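Single-letter residue listing:
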Amino acid sequence: MRRAKQVTPAVNGPSARLDVPVEAGATLEEKSAKFITEGIASNAFIAMQFLQHSGMAGGNELNELVKSTRIAVENAAKGGTGQADALLISQAIALNSVFLEMSRRAALNMGEHLGAMETYMRLALKAQAQCRTTLETLAEIHNPKSVAFVKQANIAGGHQQINNGTGLGEATAADPTREQNNFVQIKLLEETPNGQWLDTGTTPSAVDGDPQMAPVGAPNRTADCRRKGQGG
């Protein structure tokens, strides 16, 4: 393994240098692309940018910050929650501090500067809500919610045939000796005691409904018109 030339990002303040080890047969560009897609070095660099302005970093801790971040990522990949616990607890404490400070400022402006009081109180409640969410996330990490797998239930108001499982004559892996399913066609019956079929399949013959009534004859338009004229 050989060490390539140090990469010097342009930052405001002290220069940040990152040592990029390059294995035999690889190029600096390939290694840099791997660092970018991996996200560890780039996010460590962004963290250091903010830490410089807050006075927590001097600007030359990038290599150690990348090493520490990589160790935390590897521990999380193995199932360790120590790093997440530390971050979430410390963030909850910081958010609670923001809530207390914003509440203090809101109280100082109460009665005289209602606009400032409302602004500070809104920020205080936002910090309080975020603190609660952070603690809920920590609790969910240690006590994950159980996932329920519910079998689908097919419910219909009318007649319905449901075939769950494999097709006709197919055997499942859980029961290879399963016999062929005998599907019975569902047929609708009339609501009569004798249980006759709804469709008999034949056309009934015509019958006389009232034999005392004779059929109406064909109209005679000439005679009808003459009678109407005489009546007039």
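Because the structure is a prediction, the values reported are computed rather than measured.

The rules behind the values
Residues numbered from 1 in each chain as written. Predicted model: local features only at pLDDT ≥ 70, side-chain atom pairs only at ≥ 80, totals over all residues. Heavy atoms only, no water. Helix = DSSP H or I, 4+ residues; strand = E, 2+ residues; numbered from the N terminus. Buried < 20%, exposed > 50% of the residue type's maximum accessible area, 1.4 Å probe, protein only. Contact = heavy atoms within 4.5 Å. Areas by Shrake-Rupley, 256 points an atom, 1.4 Å probe, with all protein chains shown as cover. Axes fitted to C-alpha atoms, helices over the stretch in contact; angles between N-to-C directions. Parallel < 35°, antiparallel > 145°, perpendicular 65-115°, else oblique. Left-handed = near helix turned anticlockwise from the far one by under 90°. Nonpolar A, V, L, I, M, F, W, Y, C, P; charged D, E, K, R; others polar. Core = buried A, V, L, I, M, F, W, Y, C linked by side-chain atoms within 4.5 Å. Salt bridge = Lys/Arg side-chain N within 4 Å of Asp/Glu carboxyl O. pLDDT = per-residue confidence, 0-100. Polar contact = N/O pair within 3.5 Å; in protein donor to acceptor, adjacent residues only side chain to side chain. Expected span 1.5 Å × (residues − 1).

Observations regarding the overall build of the protein
Tallying secondary structure elements over the protein gives six helices and two strands in all. The N-to-C order of helical and strand elements in the protein reads β-β-α-α-α-α-α-α. Burial analysis of the protein (232 residues in total) assigns 16% to the buried set. A fraction of 41% describes how many contacts in the protein between residues 6 or more apart in sequence connect residues 24 or more apart. Accessible surface, the protein: about 18800 Å² in total, of which carbon and sulfur atoms supply 56%.

Details of the packing of helix α2 (residues 40-54) against helix α3 (residues 62-77)
Helix packing for two helices is described by the angle between their axes and how far apart those axes are. Packing of α2 against α3 leaves a shortest axis separation of 9 Å and a crossing angle of 125 degrees. In terms of their interaxial angle, α2 and α3 are classed as oblique. Relative to α3, α2 is oriented so that their crossing is right-handed. Within the contact between the two elements, α2 uses Ile 40, Ala 41, Ala 44, Phe 45, Ala 47 and Met 48 and α3 uses Leu 62, Leu 65, Val 66, Thr 69, Arg 70 and Val 73. Residue classes in the contact of α2 with α3 are distributed as 10 nonpolar, one polar and one charged.

Some words on the nonpolar core
Of all hydrophobic cores here, the largest spans 13 residues; its most connected members are Leu 18, Val 20, Phe 35, Ala 41, Met 48, Leu 62 and Val 66. For this core, the secondary-structure elements that each account for two or more residues are α2 and α3. Top contributing element to this core by residue count: α2, with five residues.

Quick word on the pattern of salt bridges
For side chains bearing opposite charge, pairing can occur when the charged atoms are close. Enumeration over the complete set of coordinates arrives at six salt bridges. Salt-bridge contacts for Arg 105 lead to Glu 101; the nearest nitrogen and oxygen are separated by 3.0 Å. Of the two residues, Arg 105 and Glu 101 are both situated in helix α4 (residues 82-108); the distance of four residues between them amounts to about one turn of the helix. On the basis of relative accessibility, which here comes to 27%, the residue Glu 101 falls in the partly exposed class. Where Glu 118 meets Arg 122, a salt bridge forms, and the shortest distance between an N and an O atom there is 3.1 Å.

Description of the confidence of the model for the protein
Scored by pLDDT, the protein comes out at a mean of 75, with 57% of its residues at no less than 70. Across the protein, the secondary-structure element scoring lowest on mean pLDDT is strand β1 (residues 2-3), at 48, and the one scoring highest is helix α5 (residues 114-142), at 95. Within the model, the stretch residues 7-11 combines pLDDT values under 50 with 13 contacts to residues more than four positions away or in other chains. Here residues 179-186 scores under 50 on pLDDT; set against residues more than four positions off or in separate chains, the count is 11 contacts.

Overview of the side chain of Asn 109
By the element assignment, Asn 109 lies in the loop between α4 and α5. Polar side-chain contacts of Asn 109 include one of 2.8 Å to the backbone oxygen of Arg 105.

Examining α5
With 29 residues, α5 extends 42 Å from end C-alpha to end C-alpha; this agrees with the ideal 42 Å at 1.5 Å per step. Taken residue by residue, α5 has Met 117, Ala 124, Ala 127, Cys 131, Thr 134 and Leu 138 as its buried positions. Each element contacted by the buried residues of α5 is listed here: α4.

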